[in-house]
Amino acid sequence: METENLSGLKRENFQATVQGKQTDLYTLRNENGMQVDITNYGGALVSIMVPDRNGQYTNVVQGHDTIQGVINSPEPFLSTLIGRYGNRICKGTYTMNGKEYHLAINNGPNHLHGGPTGCHARVWDAEAVNNNELILRYTFAYYEEGYPGELKMAVRYFLSDDNELVIDYRGTTNKKTIVNMTSHGFFSLAGIANPTPSAENVILHINADFYIPIDDTSIPTGEILKVDGTPFDFRTPKPVGQDINADCEQIRNGAGYDHCFVLNKREPNEITLAASMVEPVSGRTMEVYTTEPGVQFYSDNWADGYPGQNGATFPRRSALCFEAQHFPDSPNRPYFPPVVLKPDSIYKQKTIYKFGVSD
(Lines give C-alpha, C1' and ligand atoms only; values in the text may rest on other atoms or scores of the structure.)
Protein backbone atom coordinates (compact mmCIF):
# COMPACT_ATOMS: atom_id res chain seq x y z
CA MET A 1 0.00 0.00 0.00
CA GLU A 2 1.32 3.43 -0.87
CA THR A 3 2.49 5.84 1.82
CA GLU A 4 1.19 8.84 -0.12
CA ASN A 5 -2.01 9.13 -2.04
CA LEU A 6 -4.33 11.52 -3.83
CA SER A 7 -5.52 13.03 -0.55
CA GLY A 8 -2.02 13.87 0.66
CA LEU A 9 -2.57 11.74 3.76
CA LYS A 10 0.35 9.59 4.89
CA ARG A 11 -0.22 6.06 6.11
CA GLU A 12 2.54 6.24 8.70
CA ASN A 13 0.74 9.12 10.44
CA PHE A 14 -2.11 6.73 11.23
CA GLN A 15 0.02 3.84 12.50
CA ALA A 16 0.16 3.51 16.27
CA THR A 17 -0.61 1.14 19.11
CA VAL A 18 -3.89 2.21 20.73
CA GLN A 19 -5.89 0.14 23.22
CA GLY A 20 -3.35 -2.63 22.64
CA LYS A 21 -4.17 -2.80 18.93
CA GLN A 22 -2.61 -1.41 15.76
CA THR A 23 -4.24 1.52 14.01
CA ASP A 24 -3.68 2.11 10.31
CA LEU A 25 -4.92 3.90 7.20
CA TYR A 26 -6.72 1.90 4.51
CA THR A 27 -7.24 3.21 0.99
CA LEU A 28 -10.00 2.11 -1.39
CA ARG A 29 -9.76 2.94 -5.09
CA ASN A 30 -11.98 2.39 -8.12
CA GLU A 31 -11.33 2.41 -11.86
CA ASN A 32 -12.49 6.04 -12.18
CA GLY A 33 -9.80 7.44 -9.90
CA MET A 34 -12.05 7.97 -6.90
CA GLN A 35 -10.38 7.24 -3.59
CA VAL A 36 -11.58 6.73 0.00
CA ASP A 37 -9.32 6.66 3.07
CA ILE A 38 -10.50 5.01 6.28
CA THR A 39 -8.82 4.42 9.61
CA ASN A 40 -9.75 1.51 11.85
CA TYR A 41 -9.92 3.85 14.83
CA GLY A 42 -13.67 4.37 15.03
CA GLY A 43 -14.05 3.48 11.36
CA ALA A 44 -13.44 7.15 10.60
CA LEU A 45 -13.63 8.34 7.00
CA VAL A 46 -10.66 10.69 6.60
CA SER A 47 -10.85 11.37 2.89
CA ILE A 48 -13.23 10.92 -0.02
CA MET A 49 -11.57 12.18 -3.18
CA VAL A 50 -14.06 12.98 -5.94
CA PRO A 51 -13.86 15.29 -8.98
CA ASP A 52 -15.77 18.47 -9.67
CA ARG A 53 -17.29 19.31 -13.06
CA ASN A 54 -13.82 20.26 -14.31
CA GLY A 55 -12.25 16.99 -13.20
CA GLN A 56 -10.52 18.55 -10.19
CA TYR A 57 -10.26 16.08 -7.30
CA THR A 58 -10.87 17.33 -3.77
CA ASN A 59 -11.51 15.75 -0.39
CA VAL A 60 -15.21 16.13 0.45
CA VAL A 61 -15.31 14.65 3.97
CA GLN A 62 -14.08 16.31 7.14
CA GLY A 63 -11.50 14.50 9.24
CA HIS A 64 -7.93 14.62 10.50
CA ASP A 65 -4.51 13.76 9.06
CA THR A 66 -3.01 11.86 12.02
CA ILE A 67 -4.32 9.16 14.34
CA GLN A 68 -3.85 11.49 17.32
CA GLY A 69 -5.93 14.09 15.51
CA VAL A 70 -8.73 11.54 15.12
CA ILE A 71 -8.51 10.43 18.75
CA ASN A 72 -8.43 13.98 20.14
CA SER A 73 -10.83 15.64 17.69
CA PRO A 74 -12.90 18.55 19.04
CA GLU A 75 -15.77 16.72 17.30
CA PRO A 76 -15.50 13.16 18.69
CA PHE A 77 -17.94 11.76 16.12
CA LEU A 78 -16.26 13.41 13.12
CA SER A 79 -17.03 11.08 10.18
CA THR A 80 -16.85 7.97 12.40
CA LEU A 81 -18.98 4.89 12.84
CA ILE A 82 -21.59 5.24 15.58
CA GLY A 83 -22.88 2.51 17.89
CA ARG A 84 -24.33 0.63 19.58
CA TYR A 85 -27.04 3.24 19.38
CA GLY A 86 -26.88 6.23 17.06
CA ASN A 87 -28.65 9.39 18.20
CA ARG A 88 -30.15 10.04 21.64
CA ILE A 89 -31.83 8.00 24.33
CA CYS A 90 -33.77 10.09 26.84
CA LYS A 91 -31.96 10.42 30.17
CA GLY A 92 -29.88 7.38 29.22
CA THR A 93 -32.51 4.93 30.42
CA TYR A 94 -34.86 2.42 28.83
CA THR A 95 -36.77 -0.66 29.93
CA MET A 96 -36.67 -4.07 28.24
CA ASN A 97 -38.31 -7.22 29.56
CA GLY A 98 -39.24 -5.35 32.72
CA LYS A 99 -35.64 -4.41 33.53
CA GLU A 100 -34.40 -0.83 33.47
CA TYR A 101 -31.04 -0.21 31.80
CA HIS A 102 -28.85 2.81 32.51
CA LEU A 103 -26.50 4.20 29.86
CA ALA A 104 -23.81 6.88 29.95
CA ILE A 105 -25.03 10.49 30.00
CA ASN A 106 -22.91 12.44 27.52
CA ASN A 107 -25.21 15.00 25.86
CA GLY A 108 -26.95 17.29 28.33
CA PRO A 109 -29.25 14.97 30.28
CA ASN A 110 -29.22 12.30 27.58
CA HIS A 111 -27.23 9.43 26.09
CA LEU A 112 -25.79 10.14 22.62
CA HIS A 113 -24.22 7.94 19.94
CA GLY A 114 -23.40 4.94 22.11
CA GLY A 115 -21.72 6.99 24.85
CA PRO A 116 -18.27 8.59 25.20
CA THR A 117 -16.49 5.27 24.60
CA GLY A 118 -18.83 3.96 21.91
CA CYS A 119 -17.47 2.35 18.77
CA HIS A 120 -16.32 5.75 17.45
CA ALA A 121 -13.60 5.64 20.11
CA ARG A 122 -12.54 2.00 19.67
CA VAL A 123 -9.96 0.29 17.49
CA TRP A 124 -11.65 -2.13 15.09
CA ASP A 125 -10.01 -5.22 13.64
CA ALA A 126 -9.43 -4.58 9.94
CA GLU A 127 -9.35 -6.87 6.91
CA ALA A 128 -8.30 -5.24 3.64
CA VAL A 129 -10.04 -7.59 1.19
CA ASN A 130 -8.83 -5.93 -2.00
CA ASN A 131 -8.34 -2.48 -3.53
CA ASN A 132 -12.01 -1.53 -3.15
CA GLU A 133 -13.20 -3.43 -0.08
CA LEU A 134 -12.45 -3.19 3.64
CA ILE A 135 -14.12 -5.06 6.50
CA LEU A 136 -13.96 -3.77 10.09
CA ARG A 137 -14.97 -5.92 13.05
CA TYR A 138 -15.61 -5.04 16.66
CA THR A 139 -17.14 -6.95 19.56
CA PHE A 140 -19.05 -4.83 22.04
CA ALA A 141 -18.52 -6.38 25.46
CA TYR A 142 -21.38 -7.39 27.71
CA TYR A 143 -22.64 -4.22 29.44
CA GLU A 144 -20.19 -2.01 27.53
CA GLU A 145 -21.59 1.51 28.07
CA GLY A 146 -24.48 -0.14 29.91
CA TYR A 147 -25.93 -2.18 27.04
CA PRO A 148 -26.85 -5.82 27.62
CA GLY A 149 -25.46 -8.63 25.52
CA GLU A 150 -22.21 -9.18 23.68
CA LEU A 151 -22.65 -7.71 20.21
CA LYS A 152 -20.41 -8.79 17.35
CA MET A 153 -20.46 -6.24 14.54
CA ALA A 154 -18.89 -6.33 11.08
CA VAL A 155 -18.95 -3.26 8.84
CA ARG A 156 -18.01 -3.59 5.19
CA TYR A 157 -16.90 -0.60 3.11
CA PHE A 158 -17.07 -1.13 -0.63
CA LEU A 159 -16.14 1.43 -3.30
CA SER A 160 -17.92 0.60 -6.55
CA ASP A 161 -16.97 1.66 -10.06
CA ASP A 162 -20.19 3.68 -10.08
CA ASN A 163 -18.60 5.99 -7.48
CA GLU A 164 -20.71 4.53 -4.69
CA LEU A 165 -19.36 4.17 -1.17
CA VAL A 166 -21.40 1.27 0.19
CA ILE A 167 -21.46 0.69 3.96
CA ASP A 168 -22.90 -2.69 5.00
CA TYR A 169 -23.51 -3.63 8.64
CA ARG A 170 -24.02 -7.13 10.10
CA GLY A 171 -24.37 -7.89 13.79
CA THR A 172 -25.25 -10.74 16.15
CA THR A 173 -25.81 -10.87 19.89
CA ASN A 174 -25.86 -13.54 22.59
CA LYS A 175 -28.53 -11.73 24.61
CA LYS A 176 -31.48 -9.52 23.72
CA THR A 177 -30.21 -5.98 23.20
CA ILE A 178 -30.80 -2.81 21.19
CA VAL A 179 -28.85 -1.78 18.08
CA ASN A 180 -28.93 1.30 15.87
CA MET A 181 -25.66 1.66 13.95
CA THR A 182 -24.79 4.49 11.58
CA SER A 183 -21.94 6.39 9.95
CA HIS A 184 -21.56 10.08 10.80
CA GLY A 185 -19.84 11.46 7.70
CA PHE A 186 -19.41 15.24 7.72
CA PHE A 187 -19.68 15.97 3.99
CA SER A 188 -18.31 19.18 2.46
CA LEU A 189 -19.07 18.85 -1.25
CA ALA A 190 -17.32 22.14 -2.04
CA GLY A 191 -14.13 20.53 -0.76
CA ILE A 192 -12.37 21.04 2.56
CA ALA A 193 -10.26 24.20 2.72
CA ASN A 194 -9.03 26.92 5.07
CA PRO A 195 -11.72 27.87 5.81
CA THR A 196 -14.04 25.19 4.42
CA PRO A 197 -16.88 27.01 2.62
CA SER A 198 -20.37 27.13 4.05
CA ALA A 199 -22.64 24.26 2.98
CA GLU A 200 -25.73 26.46 3.14
CA ASN A 201 -25.79 26.92 -0.66
CA VAL A 202 -26.06 23.15 -1.28
CA ILE A 203 -29.33 22.36 -3.06
CA LEU A 204 -30.92 19.55 -1.04
CA HIS A 205 -33.76 17.11 -1.57
CA ILE A 206 -34.93 14.80 1.23
CA ASN A 207 -37.36 12.03 0.34
CA ALA A 208 -39.57 12.43 3.40
CA ASP A 209 -43.15 13.59 3.96
CA PHE A 210 -42.73 13.50 7.75
CA TYR A 211 -40.11 14.40 10.36
CA ILE A 212 -39.68 13.86 14.10
CA PRO A 213 -39.86 17.05 16.20
CA ILE A 214 -37.63 17.39 19.27
CA ASP A 215 -37.70 19.13 22.63
CA ASP A 216 -35.06 21.57 23.83
CA THR A 217 -32.73 18.68 24.77
CA SER A 218 -33.09 17.15 21.26
CA ILE A 219 -35.27 14.25 22.44
CA PRO A 220 -38.32 13.38 20.29
CA THR A 221 -41.56 14.88 21.55
CA GLY A 222 -43.32 11.67 20.49
CA GLU A 223 -45.01 13.25 17.50
CA ILE A 224 -44.44 12.50 13.83
CA LEU A 225 -45.33 15.62 11.88
CA LYS A 226 -45.81 16.51 8.24
CA VAL A 227 -43.02 18.56 6.67
CA ASP A 228 -45.61 20.43 4.59
CA GLY A 229 -45.48 24.16 5.28
CA THR A 230 -42.43 23.93 7.56
CA PRO A 231 -38.67 24.60 7.18
CA PHE A 232 -38.31 20.80 7.03
CA ASP A 233 -39.93 20.45 3.62
CA PHE A 234 -37.14 19.39 1.26
CA ARG A 235 -39.41 17.37 -1.04
CA THR A 236 -38.76 20.05 -3.66
CA PRO A 237 -35.01 20.77 -3.72
CA LYS A 238 -33.97 24.03 -2.05
CA PRO A 239 -30.79 25.57 -0.60
CA VAL A 240 -29.96 24.25 2.87
CA GLY A 241 -29.65 27.82 4.12
CA GLN A 242 -33.04 28.99 2.85
CA ASP A 243 -34.89 28.22 6.11
CA ILE A 244 -32.04 27.27 8.44
CA ASN A 245 -32.54 30.36 10.60
CA ALA A 246 -36.34 30.42 10.41
CA ASP A 247 -38.30 31.77 13.36
CA CYS A 248 -39.47 28.32 14.33
CA GLU A 249 -39.32 26.44 17.63
CA GLN A 250 -37.98 23.30 15.98
CA ILE A 251 -35.16 25.20 14.27
CA ARG A 252 -34.32 26.83 17.60
CA ASN A 253 -34.33 23.48 19.40
CA GLY A 254 -31.84 22.07 16.90
CA ALA A 255 -29.82 25.29 16.47
CA GLY A 256 -30.58 24.65 12.79
CA TYR A 257 -31.28 21.22 11.34
CA ASP A 258 -30.61 18.29 13.68
CA HIS A 259 -33.69 16.17 13.09
CA CYS A 260 -34.65 12.69 11.98
CA PHE A 261 -36.65 12.53 8.76
CA VAL A 262 -39.11 9.66 8.26
CA LEU A 263 -38.18 8.30 4.84
CA ASN A 264 -40.84 7.50 2.27
CA LYS A 265 -40.87 3.73 1.79
CA ARG A 266 -43.30 1.21 0.36
CA GLU A 267 -42.08 -1.55 2.68
CA PRO A 268 -39.58 -1.86 5.55
CA ASN A 269 -35.91 -2.56 4.84
CA GLU A 270 -36.07 -1.77 1.13
CA ILE A 271 -33.16 0.31 -0.10
CA THR A 272 -34.50 3.66 -1.28
CA LEU A 273 -33.37 7.20 -1.92
CA ALA A 274 -33.06 9.19 1.30
CA ALA A 275 -31.53 12.42 0.01
CA SER A 276 -29.84 13.99 -2.99
CA MET A 277 -27.90 17.20 -3.28
CA VAL A 278 -25.90 19.43 -5.61
CA GLU A 279 -23.09 21.79 -4.62
CA PRO A 280 -23.65 24.52 -7.24
CA VAL A 281 -20.12 25.97 -7.44
CA SER A 282 -18.23 22.70 -7.96
CA GLY A 283 -21.11 20.79 -9.50
CA ARG A 284 -20.46 17.84 -7.19
CA THR A 285 -23.48 15.74 -6.32
CA MET A 286 -24.22 13.16 -3.64
CA GLU A 287 -27.12 10.77 -3.30
CA VAL A 288 -27.90 8.79 -0.15
CA TYR A 289 -29.70 5.44 -0.31
CA THR A 290 -30.53 3.32 2.71
CA THR A 291 -32.49 0.40 4.10
CA GLU A 292 -33.13 2.40 7.29
CA PRO A 293 -36.50 4.03 8.13
CA GLY A 294 -34.94 7.40 8.92
CA VAL A 295 -32.07 9.74 8.24
CA GLN A 296 -30.81 12.27 10.75
CA PHE A 297 -29.99 15.47 8.87
CA TYR A 298 -27.50 17.56 10.82
CA SER A 299 -26.29 20.89 9.48
CA ASP A 300 -23.07 21.07 11.55
CA ASN A 301 -24.45 23.71 13.89
CA TRP A 302 -21.78 23.58 16.59
CA ALA A 303 -18.43 23.66 14.75
CA ASP A 304 -16.19 26.60 15.62
CA GLY A 305 -13.47 26.57 12.97
CA TYR A 306 -11.33 23.82 14.50
CA PRO A 307 -8.47 22.42 12.39
CA GLY A 308 -8.65 19.29 10.24
CA GLN A 309 -6.70 17.54 7.46
CA ASN A 310 -3.90 19.27 5.59
CA GLY A 311 -4.46 22.71 7.14
CA ALA A 312 -8.21 22.80 6.55
CA THR A 313 -10.49 24.41 9.12
CA PHE A 314 -14.12 23.61 9.79
CA PRO A 315 -16.40 26.56 10.57
CA ARG A 316 -20.01 26.31 11.66
CA ARG A 317 -22.28 24.81 8.98
CA SER A 318 -19.42 23.90 6.67
CA ALA A 319 -20.61 20.27 6.45
CA LEU A 320 -23.82 18.29 6.10
CA CYS A 321 -24.47 14.94 7.80
CA PHE A 322 -26.92 12.26 6.70
CA GLU A 323 -26.93 9.56 9.39
CA ALA A 324 -29.08 6.67 8.14
CA GLN A 325 -30.67 5.08 11.19
CA HIS A 326 -33.71 4.09 13.20
CA PHE A 327 -35.43 6.88 15.07
CA PRO A 328 -33.94 8.52 18.17
CA ASP A 329 -35.17 7.29 21.56
CA SER A 330 -36.88 4.30 19.93
CA PRO A 331 -36.40 2.05 23.00
CA ASN A 332 -38.77 4.40 24.87
CA ARG A 333 -41.23 4.75 21.97
CA PRO A 334 -42.97 1.41 21.29
CA TYR A 335 -44.75 2.84 18.23
CA PHE A 336 -41.42 3.66 16.51
CA PRO A 337 -39.85 0.92 14.34
CA PRO A 338 -38.22 -1.60 16.73
CA VAL A 339 -34.49 -1.62 17.48
CA VAL A 340 -34.36 -4.83 19.52
CA LEU A 341 -31.96 -7.54 18.35
CA LYS A 342 -32.45 -11.10 19.60
CA PRO A 343 -29.88 -13.91 19.67
CA ASP A 344 -31.61 -15.78 16.84
CA SER A 345 -31.61 -12.74 14.51
CA ILE A 346 -29.05 -10.81 12.46
CA TYR A 347 -28.82 -7.03 12.49
CA LYS A 348 -28.54 -5.74 8.92
CA GLN A 349 -28.21 -2.25 7.54
CA LYS A 350 -26.98 -0.89 4.21
CA THR A 351 -26.34 2.72 3.26
CA ILE A 352 -24.89 4.02 -0.01
CA TYR A 353 -23.31 7.43 -0.65
CA LYS A 354 -23.12 7.92 -4.41
CA PHE A 355 -21.02 10.76 -5.86
CA GLY A 356 -21.22 12.45 -9.24
CA VAL A 357 -21.28 15.80 -11.03
CA SER A 358 -24.15 17.83 -12.40
CA ASP A 359 -24.33 18.98 -16.01
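Structural data are supplied above this passage.
Just so we're clear, the structure is a prediction, and the values are computed from it rather than from any experiment.

> Lay out the side chain of Arg 88 with the relevant residues and their values.
Within the element layout of this structure, Arg 88 appears in strand 8 (residues 88-89). A distance of 3.5 Å separates polar atoms of two side chains, one belonging to Arg 88 and the other to Asn 87.

> How would you explain unusual backbone geometry if you had to name every residue and give the values?
Negative phi is the rule for most residues except glycine; trans is the rule for most peptide bonds. Residue Arg 84 is reached from Gly 83 by a cis peptide bond, and omega for that bond is 5°. By the element assignment, Arg 84 lies in the loop between strand 7 (81-82) and strand 8. Here the residue pair Asn 194 and Pro 195 is connected by a cis peptide bond, since its omega of 0° sits within 30 degrees of zero. Note that Pro 195 resides in the loop between strand 17 (182-183) and strand 18 (203-206).

> Run through the sheet that holds strand 22 (residues 258-263), naming residues and quoting values.
The 5 strands are arranged 20-19-22-25-28 in an open sheet whose pairing can be described as antiparallel. Here the strands that pair on one side only, and so sit at the sheet edges, are strand 20 (225-226) and strand 28 (321-325). As paired elements, strand 25 (residues 294-298) and strand 28 share 5 bridges and run antiparallel to each other. Its bridge partner being in strand 28, Val 295 is matched across the sheet by Ala 324.

> Let's hear about the side chain of Asn 59: which residues, and what values?
Within the secondary structure layout, Asn 59 lies in strand 6 (residues 57-59). On the accessibility criterion, Asn 59 (7% relative accessible area) is buried. Of the polar contacts made by the side chain of Asn 59, one reaches the backbone oxygen of Val 46; its length is 3.3 Å. Asn 59 has contacts with Val 46, Ser 47, Ile 48, Met 49, Ser 188, Gly 191, Ile 192 and Gln 309, leaving out every residue within four places of it along the chain.

> Just give me the short version of the pairing of strand 25, but keep the residues and values in it.
Residues in a regular strand project their side chains so that they alternate between the two faces of the sheet. Counting buried positions along strand 25 gives 5 out of 5 residues, so the element sits mostly inside the fold. Burial of the side chains of strand 25 extends over both faces: Gly 294, Gln 296 and Tyr 298 are buried on one face and Val 295 and Phe 297 on the other. In the sheet, strand 22 pairs with strand 25 via 5 bridges, with the strands oriented antiparallel. Residue Asp 258 lies in a different strand from strand 25, and its bridge partner there is Tyr 298.

> Which residues make up the nonpolar core, and what are the values?
Counting 58 residues, the largest nonpolar core has Ile 48, Met 153, Tyr 157, Phe 261, Phe 297, Phe 322 and Phe 355 as its most contacted members. If you tally residues by element for this core, the top one is strand 14 (residues 151-159), at 5 residues. Those residues in contact with Phe 261 that sit more than four places away from it in its chain are Ile 206, Ala 208, Phe 210, Tyr 211, Val 227, Phe 232, Phe 234, Pro 293, Gly 294, Val 295 and Phe 297. Counting 12 residues, the second largest nonpolar core, distinct from the first, contains Phe 14, Tyr 41, Ala 44 and Val 123.

> So what's going on with the packing of aromatic side chains? Which residues, and what values?
Each aromatic ring pair is characterised by the separation of its centres together with the angle its planes make. Under the criterion given, the structure shown has 21 aromatic pairs. Between Phe 232 and Phe 261 the ring centres are 6.2 Å apart and the planes differ by 50°, which places this aromatic pair in the tilted class. Taken as a pair, Phe 232 in the loop between strand 20 and strand 21 (238-239) and Phe 261 in strand 22 lie far apart in primary sequence, 29 residues in all. On the accessibility criterion, Phe 261 (0% relative accessible area) is buried. Geometrically, the ring pair formed by Tyr 306 and Phe 314 is edge-to-face, given 5.6 Å between the ring centres and 85° between the ring planes.

Analysis parameters
Residue numbers run consecutively from 1 along every chain, following the written order of its sequence. Whole-chain, interface and lining totals are the exception, using all residues; otherwise, since this is a predicted model, local features are given only for residues with pLDDT of at least 70 and side-chain atom pairs are given and counted only at 80 or more. As a rule here, side-chain values come from all non-hydrogen atoms in the structure, and water together with hydrogens is ignored. Strands here mean DSSP runs of E at least two residues long; helices mean DSSP runs of H or I at least four residues long; both are numbered from the N terminus. Polar contacts, as used here, are pairs of N or O atoms within 3.5 Å; protein pairs need one atom able to donate a hydrogen and one able to accept it. Residues neighboring in sequence count only if both atoms are side-chain atoms. Criterion used throughout: strands pair if DSSP finds at least two bridges between them. To sort residues, take the accessible area from a 1.4 Å probe on protein chains only and compare it with the maximum for the residue type: under 20% means buried, over 50% means exposed, and anything in between is partly exposed. Only heavy atoms enter the contact rule, under which two residues are in contact if any of them lie within 4.5 Å. As used in this record, nonpolar core signifies buried Ala, Val, Leu, Ile, Met, Phe, Trp, Tyr and Cys residues forming a set joined through side-chain atoms within 4.5 Å. Working definition: a ring pair exists when centres of Phe, Tyr or Trp rings (six-membered ring for Trp) sit within 6.5 Å. Plane angles under 30 degrees give stacked, over 60 give edge-to-face, the rest tilted.

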